[in-house]
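Here's the letter readout for the chains.
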Amino acid sequence: MIPTYEDDLFAPDALAAPFAHYQAIRELGLVVRLRDPDVYAIPRYEGVRDALLASDILASGDGIGFNDVINTNRGPNLIASDGDQHQRMKRAVLGPLRASQVQRYRERLKAMITERIAGLVNQGPFDAMARIARYLPTAAISELVGLPEEGRASMLDWANATFNGMGPMREGIDGDFALMREARAYMDGLDRTRVREGSWAANLFDAAASGRITDAEARGALSAYVMPSLDTTIYAKGHLLRNLALAPEEWRRLRRDPALIPGAVLEGVRHSSVIRWFARVARADYAVGEHVVPQGARVMVMYAAANRDERQYPDPDRFDVTRDARAHLAWGNGPHMCAGMHLARLEMEVMLEALVENCDTLECGEPEPVMNRTLFGFRDMRFELRAVARERRPVAGAAGVATA
Ligand code: HEM
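Residues numbered from 1 in each chain as written. Predicted model: local features only at pLDDT ≥ 70, side-chain atom pairs only at ≥ 80, totals over all residues. Heavy atoms only, no water.

Right, let's get into the site of the ligand. As a structural note, the neighbourhood of the ligand is formed by 27 residues, with His86, Lys90, Tyr303, His336 and Cys338 the closest of them. Within the contact set of the ligand, an oxygen atom lies 2.6 Å away from a side-chain nitrogen or oxygen of His86. One nitrogen or oxygen atom from the side chain of Tyr303 is found 2.7 Å from an oxygen atom belonging to the ligand. Elements with a contribution of two residues or more to the shell around the ligand: helix 5 (83-94), helix 14 (231-246), strand 6 (278-282) and helix 18 (341-358). (Near = heavy atom within 4 Å. Polar contact = N/O pair within 3.5 Å; in protein donor to acceptor, adjacent residues only side chain to side chain. Helix = DSSP H or I, 4+ residues; strand = E, 2+ residues; numbered from the N terminus.)

Take a look at the structure:
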């Protein structure tokens, strides 16, 4: 029989401190039943990796959330689509997000974050979520997407609601649905003339005009630039900052050898995975070890639990900047693997470069967790950056990224 995990993963204390729950579920087996939501949870590394590759059986098109409203009530949506529609929309979205393309932004993003961090050194405590983690997505990425000003002001609220509203039906979820409707109405009201010339949004409307995607798909694809790109990278940066502040030896290693930075970024997203879980629906019986998930069942794919699986990562709770974390599952795997991972990596790499170049010590207070039913992150985090006096490097090209 498939074991059942009795605790409520969506209770506030479990959302705030999920890792002991993840370990307990991994211990129970490759597949575990939950009561509310009524799903088959897959918590171990091997199970998650395989489930994400089995997209012909474990489909996204019936919704990747845990309530019927979100799973049934939507237009064309990249992350919750399968087959041809998914491929068409993904091709259109990927354009500016390919590894080779995002490198064009490196210099400008580095200059912007360096200026920001240099201005915080030896200035006493500040909120690192507001002053560092949110800075590049709100100042630069929103500009690249190219939405009109009033949309940019609401993006963070819409994105947070989109993720929170994927949880099971619980108190307060109506507020998330209302914000999601507002976001949808806003996207539906956009057209080529209202987005910035040369922006990612303009490219999507051009793809629709040339028949590569439909008009409705272009609006769905536009949401794919906005909703999954903000809180994810913001929270991942918060985790990186905190992990480095709490592990001074790892921070020293990074300062001694900045070539470790790209690996440290991947270790950060493995260790403190921002996306807790998404759902799939079994289009046919799906075998997991000795068990079978029956056709029609909803499956919970537990990315964050998989990344702490002791079967895959020795001493998984340790943040180790020299660990080879390249095969982590924090951006997923298979056809739905994160479209924005190269941009996310770039934002985090330049942040760490700016830190090692400008700071000697990092100090972190106790952060306030966000109560989001899909994302694990901090709302605010008291932080301090210190450095012994050194010559300030000139920061070139920090004036914006609009034409980068
Ligand atoms: C640390 C930052 C990020 C994390 C941890 C993350 C995580 C993920 C994960 C786990 C998935 C897989 C969904 C699935 O299996 O169904 C995903 C998909 C996606 N992500 Fe990200 N993401 C991040 C940043 C971004 C950024 C910056 C963007 C856009 C600029 C983005 C856009 C997308 C899109 C469009 C998808 C859907 C891809 C598809 O369905 O084919 N993400 N992301």
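Resuming the write-up.
This next bit is on the pairing of strand 13 (residues 382-386). In this sheet, strand 13 lies alongside strand 5 (residues 126-127) in antiparallel orientation, the contact comprising two bridges. When the bridges of strand 13 are listed, Asp127 appears paired with Arg382. Sheet analysis places strand 10 (residues 361-364) next to strand 13, joined by four bridges and oriented antiparallel. Bridge pairing in strand 13 links Thr361 to Arg386. (Pairing = 2+ DSSP bridges.)

In space, the six strands of this open sheet follow the order 1-2-3-9-6-4, with mixed pairing throughout. Where the open sheet ends on each side, the last strands, each with one partner, are strand 1 (4-5) and strand 4 (58-59). Here strand 3 (residues 40-42) runs beside strand 9 (residues 298-301); their pairing, made up of three bridges, is parallel. Across the sheet, residue Tyr40 finds its bridge partner in strand 9, namely Val299. Each of strand 3, strand 4, strand 6 and strand 9 is contacted by helix 3 (residues 45-53), which is oriented at about 110 degrees to strand 3, the strand it contacts most. (Contact = heavy atoms within 4.5 Å. Axes fitted to C-alpha atoms, helices over the stretch in contact; angles between N-to-C directions.)

Let's shift gears to the coordination of the iron atom of the ligand. When only protein atoms are considered, the iron atom of the ligand has one donor, Cys338 (SG), at a distance of 2.3 Å. Mapped onto the secondary structure, Cys338 falls in the loop between helix 17 (303-306) and helix 18. (Donors = N, O, S within 2.8 Å, 3.2 Å for Na, K, Ca; no water.)

A few words on the sheet that holds strand 5. Read from one edge to the other, the open sheet built from three strands follows the order 5-13-10, with strand pairing classed as antiparallel. One side of each edge strand has no neighbouring strand; the edge strands of this open sheet are strand 5 and strand 10. Contacting strand 10 and strand 13, helix 14 crosses the sheet at an angle of about 110 degrees to strand 10.

Per-residue pLDDT for the protein chain has a mean of 93; in total, 96% of the residues score no lower than 70. The low-confidence segment residues 396-404 (pLDDT under 50) makes 19 contacts with residues lying over four places distant or belonging to another chain. (pLDDT = per-residue confidence, 0-100.)

Our focus in this paragraph is the state of the cysteines. Evaluation of the coordinates by the stated rule reveals zero disulfides. Cys359 takes part in no disulfide bond, and the closest cysteine sulfur to it belongs to Cys364, at a distance of 13 Å. (Disulfide = S-S within 2.5 Å.)

Take unusual backbone geometry next. Only a minority of non-glycine residues have a phi that is not negative, and only a minority of peptide bonds are not trans. Cis rather than trans, the peptide bond between Asp36 and Pro37 has omega equal to 5 degrees. Following the sequence through the fold, Pro37 ends up in the loop between strand 2 (32-34) and strand 3. A positive phi angle is found at Asn122, which is not glycine, with a value near 60 degrees. Asn122 sits in the partly exposed class, given a relative accessible area of 44%. (Buried < 20%, exposed > 50% of the residue type's maximum accessible area, 1.4 Å probe, protein only.)

The next subject is the pattern of salt bridges. All told, the structure shown has 37 salt bridges when counted by the stated rule. A salt bridge links Asp36 to Arg170, with the shortest nitrogen-to-oxygen separation between them at 3.1 Å. One end of the pair, Asp36, is in the loop between strand 2 and strand 3; the other, Arg170, is in the loop between helix 10 (149-164) and helix 11 (173-188), and 134 residues separate them in sequence. Residue Glu366 pairs with Arg242 through a salt bridge whose shortest N-O separation is 3.6 Å. Remark: Arg242 occurs in helix 14 and Glu366 occurs in the loop between strand 10 and strand 11 (368-369); sequence separation between them is 124 residues. Using a relative accessible area of 15% as the deciding quantity, one classes Arg242 as buried. In the salt-bridge network here, residues are joined through shared partners; they are Arg106, Lys110, Arg345, Glu349, Glu353 and Glu357. (Salt bridge = Lys/Arg side-chain N within 4 Å of Asp/Glu carboxyl O.)

For Arg270, the location among the structural elements is in helix 16 (residues 261-271). For Arg270, a relative accessible area of 0% translates into the label buried. As a C-alpha pair, Arg270 and Ala208 span 62 residues in sequence and 36 Å in three-dimensional space. Apart from residues no more than four positions distant in its own chain, Arg270 is found in contact with Asn307, Arg308, Tyr313, Pro316, Arg318, Arg323, Ala325 and His328. Here Asn307 takes part through its backbone oxygen, which lies 2.8 Å from a polar atom of the side chain of Arg270.

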